[in-house]
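Here are the chains, one letter per residue:
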Amino acid sequence: MHFEGKQQINAPIETVWQHINDPDKVAACAPGFKSLEILGPDHFKPTVAVGIGAVKATFTLDVQRVDVQPPTHAAMVGRGNAAGSGVQLRAAMDLTPQSENVTTMSWTADVTVSGTIASVGARLLEGTAHKLTARFFDCFREHIEAPSAAASTTPGEGPGEAQSGAGSETQSETPTS
Amino acid sequence: MTTPAQAPIHGMGHSVKRKEDPRFLRGRGRYVDDIKLPGMLYMDIVRSPYAHAKIVSIDASKALALPGVLAVITGKDLDAAGLAWMPTLMGDKQMVLPVDRVVYQAQEVAAVVATERYIAADAITLIDVDYEPLPPVMDPMKALQPDAPLVRPDREQKTNHIWHWEAGDAAKTDAAFNAAEVVVQQDLYIPRIHVSSIETCGCVASFDKVEGKLTIYMTTQAPHAIRTVFSLVSGIPEHKIRVVSPDIGGGFGGKVPVYPGYVIATVASIQTGVPIKWIEDRSENLQADSFARDYHIHAELAAGRDGTMHALRVKTIADHGAFDAAANPSKFPAGLFSIVTGSYALDAAHVEVDGVYTNKPSGGVAYRCSFRVTEAVHTIERIVDALAQQLNMDPAEIRFKNFIPPDQFPYKSPTGWEYDSGNYPAALQKALDKVGYQELRREQAEKRARGELMGIGISTFTEIVGAGPSHTFDILGIKMFDSAEIRVHPTGSAIVRIGVQTQGQGHETTFAQIVAEELGLPVENITVEHGDTDTAPYGLGTYASRSTPTAGAATAVASRKIRDKAKKIAAHLLEASEDDIEWADYKFQVKGAPGRAVTMQQVAFAAYTNHPQGMEAGLEAVDYYDPPNLTFPFGAYICVVDLDRGTGEVKIRRFVAVDDCGNIINPMIVEGQIHGGLTMGMAPALFEAITYDDDGNIQQGSFMDYLLPTSMETPAWETDKTTTPSPHHPFGAKGVGESATVGAPPAIANAVVDALSHLGVTHLDIPITPWKVYSILQEHGIAEA
Amino acid sequence: MTATQHVKLTINGQAVEADIEPRLLLVHFIREVAGLTGTHIGCDTTSCGACTVLVDGVPAKSCTLLAVQADGAAVATVEGLEQGGVLHPVQEGFFQEHGLQCGFCTPGMMMTATALLARTPNPSEAEIRQAISGNLCRCTGYVNIVKSIQYAARKMQGAEAVPVAASASTGAEVRSA
């Protein structure tokens, strides 16, 4: 599956860049986020619970940041497994300043899902993935634009998930870098 | 005990109620998951989410730490015993468990043995397999490209091309095409489908370490062949292996192959010395085994302007998945596909099929395909309609014009088959009369003028069943005879053991009826047993509608051997010469003195108490029947459809099926086979297809997405028959189990195309889903909002 | 180890009780704790109906009920249809009208039928087809199942239940909804 999009964020490019590079801030918006292990400055292992229709799976992902060009470009590749399912992804983000306090973030992602989630959830997969992706980026933008309101913003929740909300205040493991 | 004089014989032609029903009606059937043996453990399987991947590592530590988990088996474990690979029934080899790479989604990767079913299911989620995904190839055309991923690097030839097979006369066909006035071409894709018998596959494997004997209860349609294969693979001698087919909840060809689960369970049992049960979930079954079809066909038909057909040319790409495990006779990797010339007198034909590997689970010959006859008949019946449409001829008329005439049987077809008997015009006429064809065409014209979409589709098929004569047919070298062993007891009842295996076809009843007819014994006094390789004579099993043509014949011949001996005993009892004794009216009678007669019961008693001196006591016989030819059932099907302009739904208003399977043993059972077969013909025509995305994910992983027909979609089938006996079969019978699944899909497809032909539609691939139809209606601006 | 729960229910009038895991499906309770293997499992998405039993008189797919949910209930399975050595009219109907071939869907099909006839003693063909639409059969094509249930209906109403002659075509007047 291929996704792409553009967001206009009312914040300076440096602020957006910092946000992108803070794993806790990214995790706060990730739908179904459960926990995060930080293995290095560019290497993370998030655990994410996803529900597609009747199938729920908890993926342990291995994500590496590659090709980082501050403050404009970051790309990552990742792979993950759940029982009976697998996922591979590549994503890239580009930031372009529009003005001092407005930044355009454009992004692409290629996701390949395999196994039970893809076969039993086939009909719902793309729609759900789009929804989750949109939710992530909306949340991300909201957090950047109104950091004082972040605590009250409900972080990402996917459909059919048992998560009661992800957030750096509850579930991320203490990073040791 | 029933007095012989009172109990009816009810042999051939009687709709005897089924002897197998009493246990099924009471919930006392014995299916493999009902079997519980002392000390039995449960096995479950970890399956690959990827269609193509390297296995980097398998970490079973968390699973092994779970209480109740006794073992985890991987490919490396099997490899150490030389069992990571096994032969397929098609002479290819197949992974039992992979050592370093997986080649289809849902492939077995590791197995867990645990004390309880639920613990085994928990344990498989705890096994961490690290995969390195590889690009899969899901399209056989792409697989034939030079840069395609190689599905089978284990093979010597580094190509995804498996084999090339041909039949017919290319030169003669080319000449006919060059001379033809009209040539019609048609591409067809017959998608992969899944047989989905309501019971999935499974086994209980039990190795007795003291006796050194392996007993496997298995959902198998061919227990003897399985025993021989298991013996060759494991090294355990055949007399120490017992394969038992218990009651089977539907087979339809999906329970013929040896699936990895059976082998892993067997290995586990041999290692542990306790029984191991393995039963697939439906999701596993739907994703990993029991597939059928997947033929990409290009057909061409050469004809005269007057509609006379002259020649047929067919090229097919056969998608076999990652292993060629289709259970075809060894000289026929494309099965009996060359029956594709159908019911028509053609001058020439040439058929080519190329088998190709892709990263799908093994394709197969499940789903009542009769060894690829479904694919063949769909091709010829669709292209005949395409020709009719091109020439603006009525599809019934073009068929009558081209049928092999009834007086030309036995008929040698351009691809080398000798059709034993047939009367195609009679069957088609009967169907046309029954459905009221002329009136329907009038109705169609009126409806068309009002914008209503109604279609009539015809299919006149010739089937080819009863594999097969030993000069041509074998599976892995084992000839395709079949067998019967009959023993008559002193008090006039009998036991029959046969080499075939029912999965719902009613053999316990029909084979008793054969013996009842041949020996004049009441059908209720005859017990039929099969499925236990320790006691049943060697047979090749039940699939491809072969049971009545082969084992049925063996049963009749064995009965006649008994009758020959019985005649001698009768002569002795009647104090007459054997030449003066005749078998008439279910008795041995003295010719010219019908009052002097003895029954088979009296003879049976005498065989043990008063046999002639010098003769062996007892009354029994065995026959291994080598059929001299296949049998060729046929039929004429007419389907009437109405298309809903608001939803694209195809509603089957009427379906008339006239079948000819020669002489019928039990009309009630034959009718039931037709009903079921028609429903399994409608399913791929309108609802079912197994598809994969480019990443190799199956798109129909459960019954939520793979839609079997329910009572709501299935029409009230109308059945009738003609009777054209087989001249070479001992009682003139042909097979019938798959005829309806062979004949129905093109009747339905032809009907829908007919409903849309005035819009210029000339072909639709199956399944003809509402979306497909609705898209066409939209295109032509006649879809209703 | 999960704590077990004690359940007590009746199956075909007989009390069955056991300490079980809360996640034990009712179908497994029936087949393996009570030892009644007439109820079958044909799928894992509640689609096929082979596991149909009656729970307090209502047809239920026992693969989609936990045994604990049936605590205190009266469950009826195929083994309870025959009474005093006499087949239930539904069983008799399936026998007379060749309503079964492999027999695997048959117990579930018959339980649905008995519940139908209890609430609709004289159902039309359309009503029969609607009632059994949750029971998949691969062998019979449903035509003879409909006839079997019609036979049972006639028998239960005291009419002389004569089987339809075999191999007679059903004709155009008998049609699905």
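All values reported here derive from a predicted model rather than from experimental measurement.

Draft legend 1. The arrangement of the packing of helix α17 (residues 667–686) of chain B against helix α18 (residues 739–756) of chain B in detail. All names here are of chain B. As a packed pair, α17 and α18 sit with axes 7 Å apart at the nearest point and diverge in direction by 40 degrees. Comparing the axis directions of α17 and α18 gives the class oblique. The crossing of α17 and α18 is right-handed. Each of Ile 674, Gly 677, Leu 678, Met 680, Gly 681, Met 682, Ala 685 and Leu 686 in α17 lies in contact with α18, whose residues at this interface are Ala 740, Thr 741, Ala 744, Pro 745 and Ile 748. For the contact of α17 with α18, the per-class residue count stands at ten nonpolar, three polar and no charged.

Draft legend 2. Structural context of the side chain of Thr 316 of chain B. For Thr 316 of chain B, the position within the fold is in strand β16 (residues 309–319). Each residue touching Thr 316 of chain B, except ones within four places of it in the same chain, is listed here: Tyr 295, His 296, Ile 297, Phe 337, Glu 352, Val 353 and Asp 354 of chain B.

Draft legend 3. Local environment of the interface of chain B and chain C. Facing 64 residues of chain B, the contacting portion of chain C comprises 59 residues. Taken as a group, Leu 25, Tyr 118 and Ile 198 of chain B account for 16% of the area that chain B buries against chain C, more than any other trio of residues on that side. Run the count over chain B and chain C and you get six salt bridges. Residues Arg 26 of chain B and Glu 82 of chain C are paired through a salt bridge, measuring 2.9 Å at the closest nitrogen-oxygen approach. Of all the elements in the fold, those that place two or more residues in the side of chain B that touches chain C are α1 (21–25), α4 (117–125), α9 (282–288), β31 (650–660), α17 and β32 (718–721) of chain B. Looking at which element gives the most residues to the side of chain B that touches chain C, the answer is α17 of chain B, with eleven residues. Its residues assigned to classes, the side of chain B that touches chain C comprises 24 nonpolar, 20 polar and 20 charged.

Draft legend 4. Molecular detail of the interface of chain A and chain B. On the chain B side, the residues contacting the 19 residues of chain A number 19 residues. For the chain A and chain B pair, buried surface summed over both sides reaches about 1,400 Å², with 46% attributable to carbon and sulfur atoms. Three residues stand out in chain A for area buried against chain B, namely Arg 79, Ser 119 and Val 120 of chain A, and they jointly supply 33% of the buried area on that side. Taken together, the connections running from chain A to chain B amount to two salt bridges. Ionic pairing is found between Arg 123 of chain A and Asp 705 of chain B, a salt bridge with its closest N-O pair at 2.2 Å. In this assembly, chain A and chain B are joined by eight residue pairs in polar contact (both at pLDDT 80 or more). For the side of chain A that touches chain B, the secondary structure elements donating two or more residues are β5 (73–82), β6 (85–99), β7 (102–115), α3 (116–120) and α4 (122–145) of chain A. Here the side of chain A that touches chain B is composed, by residue class, of seven nonpolar, ten polar and two charged.

Draft legend 5. Molecular detail of the packing of aromatic side chains. Residues and elements named next belong to chain B. Using the criterion set out here, one finds 29 aromatic pairs over all chains in the structure. With a centroid separation of 5.9 Å and an interplanar angle of 40 degrees, the aromatic rings of Tyr 259 and Tyr 262 are classed as tilted. Residue classification places Tyr 259 among the buried residues on the basis of a relative accessible area of 8%. With centroids separated by 4.9 Å and ring planes inclined at 20 degrees, the aromatic side chains of Tyr 419 and Phe 632 adopt a geometry described as stacked. In this pair, Tyr 419 sits in strand β19 (residues 418–419) while Phe 632 sits in the loop between β29 (620–625) and β30 (634–643), placing the two residues 213 residues apart along the sequence.

What counts as what
- Sequence order sets the numbering: in each chain, residues are counted from 1 along the sequence as written.
- All chains are assigned letters beginning with A, and all ligands numbers beginning with 1, in the order in which they are written.
- Per-residue local features are limited, in this predicted model, to residues with pLDDT of at least 70; the limit for side-chain atom pairs, both in listing and counting, is 80 or more; totals at the level of whole chains, interfaces and linings are taken over all residues.
- Processing note: side-chain calculations cover all non-hydrogen atoms of the structure and skip hydrogens and water entirely.
- Axes here refer to lines fitted to C-alpha atoms; in helices the fit is confined to the stretch in contact. Angles between the N-to-C directions go from 0 to 180 degrees.
- Only DSSP runs of H or I with at least four residues qualify as helices, and only runs of E with at least two residues qualify as strands; both kinds are numbered from the N terminus onward.
- Each angle is binned into one of four classes, with values under 35 degrees roughly parallel, values over 145 roughly antiparallel, values of 65 to 115 roughly perpendicular, and all other values oblique.
- What makes a crossing left-handed is the near helix being turned counterclockwise from the far one by less than a right angle; a clockwise turn instead makes it right-handed.
- Contacts were defined at the residue level, with two residues in contact if any of their heavy atoms lie within 4.5 Å.
- Residues are grouped as follows: Ala, Val, Leu, Ile, Met, Phe, Trp, Tyr, Cys and Pro are nonpolar; Asp, Glu, Lys and Arg are charged; every other residue, Gly included, is polar.
- A simple way to read buried area is as the amount of 1.4 Å-probe accessible surface that goes missing from two parts once joined, with both sides added.
- We define a salt bridge as a side-chain nitrogen of Lys or Arg found within 4 Å of a carboxyl oxygen belonging to Asp or Glu.
- N or O atoms within 3.5 Å of each other form a polar contact, as long as, within protein, one can give a hydrogen and the other can take it, and as long as residues adjacent in sequence are counted only when both atoms are side-chain atoms.
- Between rings of Phe, Tyr and Trp, where Trp is taken as its six-membered ring, a pair exists when centres lie within 6.5 Å; planes separated by under 30 degrees are stacked, by over 60 edge-to-face, and by other angles tilted.
- Accessibility here uses a 1.4 Å probe with only protein chains present; expressed as a share of the type maximum, an area under 20% marks a residue as buried, one over 50% as exposed, and anything in between as partly exposed.

Geometry only, nothing functional implied.
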